[in-house]
Amino acid sequence: MAKVFIYPATSLMLSDLVARYGHTPLGSAVSIREHIQTPGFDSPPLQMTSEDPQKGLKWAAVEVPSGIRGRMSLYGPLVEEAEAAIIIDEPELSFGCMGCARTNELLCFMLREKDIPRLELRYPASREEGVTFVAQIKKFLDDLKKEDTA
Amino acid sequence: MKPYIPEYVGTVTKYVFVDSPDTTPQDIATAAYEVAQGVMIKETCFGCQITGTPEDVGRIVDHLRKLDPYRIFVKDRGFPPGDARRCRADLGGARPGYLGHEFEMKMAPYISFGLEAVDKMTAEELEIAAGEQLPVEEPLDADILEQLMEE
């Protein structure tokens, strides 16, 4: 069972397909859960703390805006843990502010630089494309299983 | 700053979505309650949320998937239900988020169709189906962009 990073990290479909075919999806929910289940100091209104941008320094330089470093403190450990990645090209759902956009760019760059099996595809727009989409993901994940057993 | 003491430590929360003509979100919630054994289930308009130990949640998800294997989708959630930082009961107004889920659920029928088709494929057929390319949007031609800018 491999740990597969999914991009967009909040994708319902990728998360479901990876788990359905017997692997562990690594998405933002995993690191958010770890974050909010760790005792510390309250930082209202959300769960980010002042330490997060500092942790993000490992993946983004100091001159990079703190929003990106904060986000990287969530995604960075997941990318390091990932044994494979599935990337959707230019997903509309990950459209957001400049912090999100730059984090997404950095995230895709890191995944492409990392020496791991990678599948890049687009969202389906018809039933026929749905078959291709699922078939590509299933084949990719089956091949990962074969690599594990080999 | 005050000390933050987390709730539901060691639990996982999963969303269960259903998009089916045969199975309603209420069916999903009822089926989840039937095997809950004390695990927290929250009914929603799209299915339910399950919070409990990883083993318990896995058991319930496996049970629910059997109801409509190709049309039930499951994903992790970071926050437990009712968390004061996300729950509308505390925040008031519309809840932020769910835009991604709305976006992806539009393509649920295509993926359900794909799941069913792929499940019936042999290894050779899967190889052929996976070899096809998904259409790529053509990038905007530089000349057309220049023309548009001049207009």
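Conventions we followed
Throughout, a residue's number is its position along its own chain's written sequence, starting from 1. Numbering of ligands from 1 and lettering of chains from A proceed in the order in which they are written. Local features in this predicted model are restricted to residues of pLDDT 70 or higher, and side-chain atom pairs are both shown and tallied only at a pLDDT of 80 or more, whereas totals for entire chains, interfaces and linings draw on every residue. By the convention adopted here, residues make contact when the C-beta atoms placed from their backbones lie within 7 Å. Think of it this way: any DSSP run of H or I at least four residues long counts as a helix, any run of E at least two long counts as a strand, and we number them from the N terminus. When buried Ala, Val, Leu, Ile, Met, Phe, Trp, Tyr and Cys residues are joined through C-beta atoms within 7 Å, the set is termed a nonpolar core. A residue is called partly exposed when the number of other C-beta atoms within 10 Å of its own lies between 12 and 20, exposed at 12 or fewer, and buried at 20 or more, with C-beta atoms placed from the backbone. Should DSSP find at least two bridges between two strands, the strands are regarded as paired. Axis definition: a line fitted to C-alpha atoms, limited for helices to the stretch in contact. Angles are taken between N-to-C directions and run from 0 to 180 degrees. As a per-residue measure, pLDDT tells how confident the predictor is, with possible values from 0 to 100. We call a crossover right-handed when, viewed with both strands directed away from the observer, the connection leading from the first strand over the helix to the second proceeds clockwise. For a helix, the expected span equals 1.5 Å multiplied by the residue count minus one.

## Describing the interface of chain A and chain B
Right, on to step 1. Each partner contributes to the interface: chain A provides 40 residues, whereas chain B provides 35 residues.
Right, on to step 2. Among the elements of the structure, helix H1 (12-20), helix H2 (28-36), strand E3 (40-41) and helix H6 (127-149) of chain A are those that each provide at least two residues to the side of chain A that touches chain B.
Right, on to step 3. Element by element, the count of residues in the side of chain A that touches chain B is highest for H6(A), at eleven residues.

## Let's talk about the nonpolar core
Right, on to step 1. Of all hydrophobic cores here, the largest spans 64 residues; its most connected members are A:Val4, A:Phe5, A:Ile6, A:Val134 and B:Val16.
Right, on to step 2. Sequence-distant contacts of A:Phe5, defined by excluding residues within four places in its chain, comprise A:Leu26, A:Leu78, A:Val79, A:Ala82, A:Ala85 and A:Leu111.

## Focus: the sheet that holds strand E1 (residues 3-7) of chain A
All names here are of chain A.
Right, on to step 1. Reading across from one edge, E2-E1-E4-E5 is the order of the four strands in this open sheet, with parallel pairing throughout. Both outer strands of the open sheet, strand E2 (24-26) and strand E5 (118-121), are each paired with one neighbouring strand and no more. If you compare each strand with its neighbour and ignore which way they point, the axes differ by 25° on average.
Right, on to step 2. Relative to strand E4 (residues 84-88), E1 is paired through four bridges, and the arrangement is parallel. Note on E4: the bridge partner recorded for Ile6 is Ile86.

## A closer look at the confidence of the model for chain B
Low pLDDT means the predicted atomic positions in that stretch should not be read closely.
Right, on to step 1. Residues of chain B with pLDDT of at least 70 account for 98%, and the chain-wide mean is 90.
Right, on to step 2. As scored by the predictor, the complex reaches a pTM of 0.90 and an ipTM of 0.89.

## Some thoughts on the environment of B:Gln37
Right, on to step 1. Looking at the element boundaries, B:Gln37 is found in the loop between helix H1 (25-34) and strand E3 (40-43).
Right, on to step 2. Sequence separation of B:Gln37 and B:Met105 is 68 residues, and the distance between their C-alpha atoms is 30 Å.

## A look at the pairing of E5(A)
Residue and element names in this part refer to chain A.
Right, on to step 1. Alignment of E4 against E5, held across four bridges, turns out to be parallel. Residue pairing for E5: Ile86 is matched across the bridge by Leu119.
Right, on to step 2. Assessed by its sense of winding, the connection that carries the chain from E4 through helix H5 (residues 98-113) to E5 is right-handed.

## Here's the deal with the pairing of E3(B)
In regular strands, side chains alternate between the two faces of the sheet.
Residues and elements named next belong to chain B.
Right, on to step 1. Where E3 lies against strand E4 (residues 47-52), four bridges are found, and the strand directions are antiparallel. Paired with Glu43 across the two strands is Cys48, which belongs to E4.
Right, on to step 2. Counted between consecutive antiparallel strands, the loop separating E3 from E4 contains three residues.

## Examining helix H5 (residues 108-119) of chain B
Right, on to step 1. Taking 1.5 Å of rise per residue, twelve residues should cover 16 Å, and H5(B) covers 16 Å from first to last C-alpha, within 8% of that figure.
Right, on to step 2. Within H5(B), burial applies to B:Ala108, B:Tyr110, B:Ile111, B:Ser112, B:Phe113, B:Gly114, B:Leu115 and B:Val118.
Right, on to step 3. Each element contacted by the buried residues of H5(B) is listed here: H1 and H6 of chain A together with strand E5 (72-77), helix H4 (99-105) and helix H6 (123-131) of chain B.

## With respect to helix H4 (residues 66-81) of chain A
Right, on to step 1. With 16 residues, H4(A) extends 23 Å between its outermost C-alpha atoms, agreeing within 8% with the 22 Å of an ideal straight helix rising 1.5 Å per residue.
Right, on to step 2. Of the surrounding elements, those touching the buried residues of H4(A) are E1, H2, helix H3 (52-55) and H5 of chain A.

## Re the sheet that holds strand E2 (residues 12-18) of chain B
Residue and element names in this part refer to chain B.
Right, on to step 1. In spatial order, the strands read E3-E4-E2-E5; together these four strands make up an open sheet with antiparallel pairing. Across the chains shown, the open sheet's two edge strands, defined by having one partner strand only, are E3 and E5. When the angles between neighbouring strand axes are averaged without regard to direction, this sheet yields 20°.

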